[in-house]
Amino acid sequence: MNVLLFGPPGVGKGTQGQRLAREVGIVHLAMGDLLREAVRQGTEAGKKAKAYMDAGELVPDELVVRMIEDRIHNVQGFLLDGFPRNVAQARALDAMLDRQGLHLDAIVFMDASEETLLERLTGRLICRACGFGFHRHYSPPKIPGVCDQCGGELYQREDDREDVIADRLRVYREQTAPLLSYYRNRPVFGMVDANGGADEVYEKLLRMVKQADG
Ligand code: AP5
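Residues numbered from 1 in each chain as written. Predicted model: local features only at pLDDT ≥ 70, side-chain atom pairs only at ≥ 80, totals over all residues. Heavy atoms only, no water.

Next up on the list: helix H5 (residues 87-99). Taking 1.5 Å of rise per residue, 13 residues should cover 18 Å, and H5 covers 18 Å from first to last C-alpha, within 8% of that figure. Those residues of H5 that sit buried are Gln89, Ala90, Leu93, Asp94, Met96 and Leu97. As for H5, its buried residues are in contact with helix H4 (61-73), strand S3 (78-81) and helix H8 (179-183). Its side-chain oxygen 3.3 Å from the backbone nitrogen of Ala88, Asn86 forms the N-cap of H5. The positive-phi residue at the C-terminal boundary of H5 is Gly101, with phi of around 65 degrees. (Helix = DSSP H or I, 4+ residues; strand = E, 2+ residues; numbered from the N terminus. Expected span 1.5 Å × (residues − 1). Buried < 20%, exposed > 50% of the residue type's maximum accessible area, 1.4 Å probe, protein only. Contact = heavy atoms within 4.5 Å. Polar contact = N/O pair within 3.5 Å; in protein donor to acceptor, adjacent residues only side chain to side chain.)

Below is the structure:
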């Protein structure tokens, strides 16, 4: 199965995408994680991407398109999270899927109120070692500052500061929200209200994806 999840920053794409991909048995391709890993490793792509990411702006299309095409080519079944993020990237995705004889089985738009998004982003904590995500209030670690999974140190993302979040939400409204018109008339399109608790949202998503799988 090939699944696409899209929606605003903090809506839960990463949290749900990771769980869903594991259950369905496909690879979770999260553009933000791929970019942060490139920054951490100091690759050419990472060096170019860093300033855009710190400012909450989109990284240039050609860079992310190249990164994702390499990945899609090498996996059997994927869940895309954070790509595409504008209409030009969506067109590039359609073209690369065509070239590889692939298609999307489910396209899911997740949405939540701006108040919910802010609360989720400002409270998010991530493990430096294994990347597992927590939330100060909704899913706190057992020991403050320490990852339950691997004992690694938890940190707050640079772009989860309130001033950068405001820019990310603006970029979302201007560049990513138009994807809704791009995808909404496709037969495999669906929408999920992601304001509820993580398990509730997950059940809705899973139902939708299983239906798409026939
Ligand atoms: P990226 O990492 O993709 O950030 P994002 O889209 O802004 O999404 P987030 O990771 O912030 O949120 P999420 O929806 O995954 O929420 P999460 O599950 O973590 O991108 C970062 C940057 O990289 C971009 O700004 C851009 O610069 C660049 N970039 C990435 N892709 C690009 C592209 N295609 N083109 C160009 N540039 C690109 O949840 C958030 C928190 O809420 C967590 O703490 C979680 O535990 C909690 N939570 C989640 N769901 C629930 C729930 N239902 N109830 C309670 N808590 C919940």
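Taken in spatial order, the 3 strands make up an open sheet running S6-S5-S7, and their pairing is antiparallel. Pairing within the sheet leaves two strands with one partner each, and these edge strands are strand S6 (133-135) and strand S7 (154-155). Where strand S5 (residues 124-127) lies against S7, 2 bridges are found, and the strand directions are antiparallel. Each residue of the ladder has a partner; that of Cys127, found in S7, is Leu154. (Pairing = 2+ DSSP bridges.)

By the secondary structure assignment, Asp160 is in the loop between S7 and helix H7 (162-176). Look at Asp160 and you get buried, because its relative accessible area is 1%. Within the local environment of Asp160, its side chain forms a polar contact with the side chain of Arg124, the two groups lying 2.8 Å apart. A polar atom in the side chain of Asp160 sits 2.8 Å from the side chain of Arg168. Among residues more than four places away in sequence, those in contact with Asp160 are Leu121, Thr122, Arg124, Ile165 and Arg168.

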